[in-house]
Amino acid sequence: MPVTDAPTIVSRRLGRRHSWTLESYLADDGYLGLRKAIGMTPEQIHEHVNTANILGRGGAGFEAGRKWGMLRQAQPVYLTINGDESEPATFKDHALIEGDPHQLIEGALICAYAIGADQVFLYVRGEFPLAIERLQAALNEAYAYGAVGERIFGSDYSVDVVVHPGAGAYICGEETALLESLEGKRGYPRIKPPFFPAAIGLYGAPTIVNNVETVSNLPWLMLHGGEAFAALGEGRSKGTKLIALAGHVKRPGNYELEWAKVTFRDLVYDPVLGGGIRDDNDLKVIIPGGVSSPWVSPEHLDVTLSNEAIAGIGSMAGSGSIIPMDHTTCTVRAAWRIVRFFHRESCGQCTPCREGGGWLEKILERIEAGQGREADLDLLMDVCDNISPGVAWPPAQTTICVLGPSMPPSVAAGLRMFRDEYLAHIRDGRCPFPPDRLPRRLARV
Amino acid sequence: MPRLNPENLQRARDLIALYPESRSALIPILHVLQEQDGYLTEDGMSHVAEMLDLSAAEVRGTASFYDMFHFEPVGKYLVAVCTNIACMLQGAYRLLEHAEERLSLAPGHTTSDGLFTLEDAECLALCGNAPCVTVNWRFFGDVDPEGFDALIEDLRAGRLDDEVPPHGTLSRVRRNVGLPAQLAGPGGDGKRPAETGPQPDLSTRRTTSAVSSMNAGHLRGHP
Ligand SMILES: Cc1cc2nc3c(=O)[nH]c(=O)nc-3n(C[C@H](O)[C@H](O)[C@H](O)COP(=O)(O)O)c2cc1C
Ligand code: SF4
Ligand code: FES
C-alpha cells in the first residue's frame, strides 16, 4: 500500500477552522498529554520516549531520548525549541507553528517537565510573523488556562515559556549558533566539544535543543504510549514524519507519512502524494534530504524514505525535504543556486567555508554562463576537497559547523552523475537548457 | 523620533524581564525599534545599548549580522522574492525579473516614492507554494507575473493594510500573561493589569498561511 494507514500524529489538526486557538485544540485531546505527563515521573516519560525511539526531526536524526539522557546534572537546565526553519525546500515546522501552536507548546512543556527545566525558549525564525503571532496568542491562552506558569494544572511544577524571534540568519538554526543568538549575540556556531548544549548550553548551563516537529510528537506519544509510536515504521525510523515535497512534482506540499514504509516512487508518483512529475516529464535526479544531502538517481526510486535506507544509498534523510527535478533541469544551475545559498549564509568564522563558498559560486557561475574551462572541473573538486577533505559522505569536517561541508555534495554529485552536462556547457559556450542564461542581475553577496 | 518612545520603552523593559540575562532581549528590542522607525537609527541603537549596558558598537555589530535589520530607510513595503532552489525550479528568476521591470528597481533598492523595496530572498519556507513572495514577511504563494502585478496594485491601494502592516512590525500580539511585573516578587506588586488591546484577527484572507502546504492526500490515515 503506497500510503499506509498510519495515524497522522503531528499534522491532523492543520487546515481545520481556527486550528491555532485553544478552543479548537481542546476539542481534540488538547493538553491531555501534558496532564498525563505531570502525573508521571520524569523517568517514566523518558522511558516512553526511549521506547518510541523518536529521532530528532531537525536534520541530524539523533535519538531524542538519548540526547535527554546526556544532560549534565546541574541547575538550572534550559529547554530551547528550534523553530528557525530555513533549510531550503524545508517548510514543515513553519506549517506546524502556524497551524498548531498549542501542540508545540504542549510538547515543549512535556519535554521541559521530563528534563527538569523551568524555563523554555521557543526560538522562531524572524521571517515568520504570522507564526510568531499565533504562537504568542496561544501562549497567552495556555497561561490563562493554567498549562503554563506557576504550579501548572495544580501540580508542584512551575514553568515559564518565552517566544523568541530570530532576525534573519540561516546559521542560527545550528543549535550552538541558536544559543549565541538567544544570548543576544551574532549567530556564530560554538566549537563542539566542549560546547555540546547538553553539557554547556545557554548561559553556560545544560540545555536541550529540540526541533519543533520532534516535540510536537510528544502530546500524542504521552496519550498513546511509546509502544504505539514504535509500532509504526521500522528499524530506527519509527513513527511518522513530515515530508516536505518540493520541486517538479504535480502536487508539492507537506505529507505526514510512515516514512519507513513509503518509497521515493510512492512519494513522487502516487496520485494522493506527488502525483507524478509536472507535464509528465522524465525524472532526472532527486535531492533526498535537504540541499546539503548528496543527490540520488531515479534508479533508487524503490528505496524507502527511512533514515537507514537513504543512508544505504550514500545520502541522508536529513530534515525530510525531498526535491525531485525533471529532465529540463540544468544541474549546473541547480548546484550553483545551492552553493550560492550556503555562501550567502556562511557566518564567516572558518576560511574554507567563507572563501571556498565564494570560489565554488564563481566557478559554477562562469560555467553556467558558458565561460568555463575544462580545468574548472578539477578546480571545483579541489575547492570541495579544501572545504571537506576527501569529499566523502558523510563529509569530513575541518570547520566549526557543518554548513561549510554542506556545499560539496551538490557539486560532487553533479560532476559524478552529469559530467557530460558540465562539459557541454564548456564546449558549446552556453547552457543547453532554457532559459540558457543566468538572471541578468545578481545581488552580490 | 530616534529613541524608543515611552510605550516602546515599557515594552523593552517587559522584554528584558523575561530573560535570565538582559542581553538576550537585544534582538527582540531591536525588532521593537525597527517597528517604531521602519529601520534602526543610530540614536535608537545607542538608546538600546544604554538600556542593556552594552557599547553602541556591540549593538550595531550584532544587529548587522542579521538580514532582517536595516540601517537606512526602506520602503513601506519590503517585497522579497524567493529565488532559492524550489522556487527557482518553478520560475522564480523570471518572476524576479518581472518584479524588477514592474517596479523599475534592482534588488536591494527602493522606489522613489518610498513605497517599495525589492529583495532577492533565500528560502522563505513556503516552498510548497513556489514561487513565493513576501511583503513585510507576510506570505503570498504561487505568484505568477499577473499575480505579482495585482499584488502591487492592492498594496498601493491600501487593500491589504489589515494583513500587511508597515515594514518593521513583527508581532501585533503582545504577551499579556506571566509578565514579571504581574507576579509577586521584586519589582512586581502582582496587580498590574494585563494589557490586552484589541487582538488582531489571525486568520489569513489575502495572505497565504504555511498550512496551505498540507495536502489533502496526507489525511488518508485515521486520527
Ligand atoms: C547549518 C545548520 C542549520 C540547521 N538548521 C536547523 C533548523 O532550521 N531547524 C532545526 O530544527 N535544526 C536545524 N539544524 C540542526 C540543529 O543543529 C539541531 O541538530 C536540531 O535543532 C536538534 O533538534 P532535534 O534533535 O530535535 O532534531 C541545523 C544544523 C546546521 C548545521
Ligand atoms: S562552517 Fe561556515 S557557517 Fe559554520 S562556523 Fe564555519 S564559517 Fe560559520
Ligand atoms: S525555495 Fe522558495 S520558499 Fe523555499
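Now for a quick tour of the structure. Since we're looking at a predicted model, the values are computed, not measured.

A separate point is the packing of aromatic side chains. Given two aromatic rings, their pairing is described by the distance between the two centres and the angle made by the two planes. For the structure shown, the criterion picks out 16 aromatic pairs over all chains. With a centroid separation of 6.2 Å and an interplanar angle of 50°, the aromatic rings of Tyr78(A) and Phe121(A) are classed as tilted. Within this pair, whereas Tyr78(A) is found in strand E1 (residues 78–83), its partner Phe121(A) is found in strand E2 (residues 119–124), the two being separated by 43 residues in sequence. Owing to a relative accessible area of 7%, Tyr78(A) belongs among the buried residues under this scheme. Ring centres of Trp336(A) and Tyr93(B) lie 6.1 Å apart, and the angle between their planes is 40°; this geometry places the pair in the tilted category. Taken as a pair, Trp336(A) in helix H14 (residues 331–345) and Tyr93(B) in helix H6 (residues 92–103) lie in two separate chains rather than in one. Every member of this aromatic cluster is reached through a ring pair, and the members are Tyr25(A), Tyr31(A), Tyr145(A) and Phe153(A). Geometry around Trp20(A) places Arg134(A) over its ring, the cationic atom sitting 3.5 Å from the centre. Against the face of Phe418(A) rests Lys284(A), its NZ or CZ located 5.2 Å from the ring centre.

Residue and element names in this part refer to chain B. Ordered by their spatial adjacency, four strands build an open sheet running E2-E1-E3-E4, and the pairing between neighbours is mixed. At either margin of the open sheet sits one strand with a lone partner, and together these are strand E2 (116–121) and strand E4 (138–140). Each strand axis lies, on average, 25° off the axis of its neighbour in the sheet, ignoring direction. Of the strand pairs in this sheet, strand E1 (residues 77–82) and strand E3 (residues 133–135) are connected by three bridges, and their pairing is antiparallel. From the neighbouring strand, Val79 faces E3, where its bridge partner is Val135. Contacts from helix H7 (residues 145–156) reach E1, E2, E3 and E4 within the one sheet, and its direction differs from that of E3 by about 5°.

This paragraph deals with the interface of chain B and chain A. Facing the 68 residues of chain B at the interface are 92 residues of chain A. Both sides of the chain B and chain A interface together cover about 6800 Å² of buried area, and 59% of this is carbon and sulfur. It is Phe65(B), Leu89(B) and Leu202(B) that lose the most area in chain B upon contact with chain A, and together they represent 10% of the buried surface on that side. Here chain B and chain A share seven salt bridges between them. With a shortest N-O distance of 2.9 Å, Asp160(A) and Arg175(B) are connected by a salt bridge. Scanning the region where chain B abuts chain A turns up 33 residue pairs in polar contact (both at pLDDT 80 or more). Listing elements by their share of the side of chain B that touches chain A, those giving two or more residues are helix H2 (26–37), helix H4 (56–63), helix H5 (85–88), H6, E2 and E4 of chain B. Residue classes in the side of chain B that touches chain A are distributed as 34 nonpolar, 21 polar and 13 charged.

So, about a negative patch on the surface. On the surface, a cluster of negative charge is made up of Glu374(A), Asp378(A), Asp382(A) and Asp385(A). By the element assignment, Asp382(A) lies in helix H16 (residues 375–387).

This next bit is on the sheet that holds strand E4 (residues 207–211) of chain A. Residue and element names in this part refer to chain A. An order of E3-E2-E1-E4 is seen for the four strands of this open sheet, with the pairing classed as parallel. At either end of the open sheet lies a strand with only one pairing partner, and these are strand E3 (160–165) and E4. Between one strand and the next, the sheet's axes are offset by a mean angle of 20°, whatever the strand orientation. Note that E1 and E2 share five bridges and pair parallel.

This paragraph deals with the site of ligand 1. Residue and element names in this part refer to chain A. Neighbouring ligand 1 are 17 residues; Gly58, Lys67, Asn210, Asn211 and Thr214 lie closest to it. Residue Gly173 places a main-chain N or O atom 3.3 Å away from a nitrogen atom belonging to ligand 1. Contact between ligand 1 and Asn210: an oxygen atom at 2.8 Å from a side-chain N or O atom of the residue. Bound to the protein, ligand 1 loses 90% of the 610 Å² it would expose on its own. At three residues, E4 tops the list of elements feeding residues into the shell around ligand 1. Grouping the amino acids of the shell around ligand 1 by side-chain chemistry returns three nonpolar, eight polar and six charged.

Quick look at the nonpolar core now. The biggest cluster of nonpolar side chains holds 195 residues, and the ones touching the most others in it are Leu79(A), Ile105(A), Trp295(A) and Leu30(B). No other element matches the ten residues that helix H6 (residues 101–115) of chain A contributes to this core. Apart from residues lying up to four places away in sequence, Ile105(A) is in contact with Tyr31(A), Leu122(A), Leu135(A), Ala138(A), Leu139(A), Ala142(A) and Val148(A). Counting residues in each nonpolar core, the second largest holds 23 residues, with Leu55(A), Tyr255(A), Leu273(A) and Leu301(A) among its members.

Take the pattern of salt bridges next. When the charged atoms of two side chains lie near each other, side chains of opposite charge can form a pair. The tally for this structure, following the rule as stated, stands at 47 salt bridges over all chains. Between Asp28(A) and Arg16(A) there is a salt bridge, with its nearest N and O atoms 2.9 Å apart. Placement of Asp28(A) in the loop between helix H1 (22–26) and helix H2 (32–38) and of Arg16(A) in the segment before H1 is noted, with a sequence separation of twelve residues between them. Measuring nitrogen to oxygen at the nearest pair gives 3.5 Å for the salt bridge that ties Arg340(A) to Asp120(B). One end of the pair, Arg340(A), is in helix H14; the other, Asp120(B), is in strand E2, on a second chain. Taken as a pair, Arg340(A) and Asp120(B) share a single burial class, namely buried.

By the secondary structure assignment, Glu47(A) is in helix H3 (residues 42–52). According to the relative accessible area criterion, Glu47(A) is exposed, its value standing at 55%.

Here we come to H4(B). Spacing of three or four residues puts side chains on the same side of an α-helix, whose turn is 3.6 residues. All of the buried residues in H4(B) are Val59(B), Gly61(B), Thr62(B) and Ala63(B). Looking at the packing, one finds that the buried side of H4(B) touches H2 and helix H3 (42–52) of chain B.

Now for H3(A). All names here are of chain A. Those residues of H3 that sit buried are Ile45, His46, Val49 and Ala52. Down the axis of H3, the buried side of the element spans an arc of 120°, and every buried residue falls inside it. What points out from H3, more than 90 degrees from its buried face, is the exposed set Glu43 and Glu47. Check the buried side of H3 and you find it contacts H2, helix H4 (64–69), H6, helix H10 (218–224), helix H11 (226–230) and strand E6 (237–238). Remark: Asn53 follows H3 within two positions and exhibits a positive phi of approximately 55°.

Looking now at the side chain of Asp28(A). All names here are of chain A. You can call Asp28 buried: its relative accessible area is 13%. A polar contact is formed between the side chain of Asp28 and the side chain of Arg12, at a distance of 3.0 Å. Apart from residues lying up to four places away in sequence, Asp28 is in contact with Arg12, Arg13 and Arg16.

Take the packing of helix H15 (residues 351–368) of chain A against helix H18 (residues 419–428) of chain A next. All names here are of chain A. Contact geometry of H15 with H18 gives a least axis separation of 8 Å together with a crossing angle of 65°. Contacts from Leu364, Ile367 and Glu368 in H15 reach Tyr422, His425 and Ile426 in H18. The residue inventory of the contact of H15 with H18, partitioned by class, reads four nonpolar, one polar and one charged.

Let's shift gears to the packing of H14(A) against H18(A). All names here are of chain A. Orientation of H14 relative to H18, taken along the N-to-C sense of each, is 95°, at an axis distance of 9 Å. On the basis of their axis angle, the class for H14 and H18 is roughly perpendicular. Taken together, the residues of H18 that come into contact with H14 (itself represented by Thr331, Val332 and Ala335) are Glu421, Tyr422 and His425. In terms of residue class, the contact of H14 with H18 is built from three nonpolar, two polar and one charged.

Rules of the game
- Residues numbered from 1 in each chain as written.
- Chains lettered and ligands numbered in written order.
- Predicted model: local features only at pLDDT ≥ 70, side-chain atom pairs only at ≥ 80, totals over all residues.
- Heavy atoms only, no water.
- Phe/Tyr/Trp six-rings, centres within 6.5 Å; stacked < 30°, edge-to-face > 60°.
- Helix = DSSP H or I, 4+ residues; strand = E, 2+ residues; numbered from the N terminus.
- Buried < 20%, exposed > 50% of the residue type's maximum accessible area, 1.4 Å probe, protein only.
- Lys NZ or Arg CZ within 6 Å of the ring centre and 35° of its normal.
- Pairing = 2+ DSSP bridges.
- Axes fitted to C-alpha atoms, helices over the stretch in contact; angles between N-to-C directions.
- Contact = heavy atoms within 4.5 Å.
- Buried area = accessible area lost by both parts, 1.4 Å probe.
- Salt bridge = Lys/Arg side-chain N within 4 Å of Asp/Glu carboxyl O.
- Polar contact = N/O pair within 3.5 Å; in protein donor to acceptor, adjacent residues only side chain to side chain.
- Nonpolar A, V, L, I, M, F, W, Y, C, P; charged D, E, K, R; others polar.
- Patch = residues over 30% accessible without salt bridge, like charges linked within 9 Å, V, L, I, M, F, W, Y side chains within 5 Å.
- Areas by Shrake-Rupley, 256 points an atom, 1.4 Å probe, with all protein chains shown as cover.
- Lys, Arg positive; Asp, Glu negative; His and termini not counted.
- Charge placed at Lys NZ, Arg CZ, Asp CG, Glu CD.
- Near = heavy atom within 4 Å.
- Core = buried A, V, L, I, M, F, W, Y, C linked by side-chain atoms within 4.5 Å.
- Arc of directions from axis to C-beta.
- Parallel < 35°, antiparallel > 145°, perpendicular 65-115°, else oblique.

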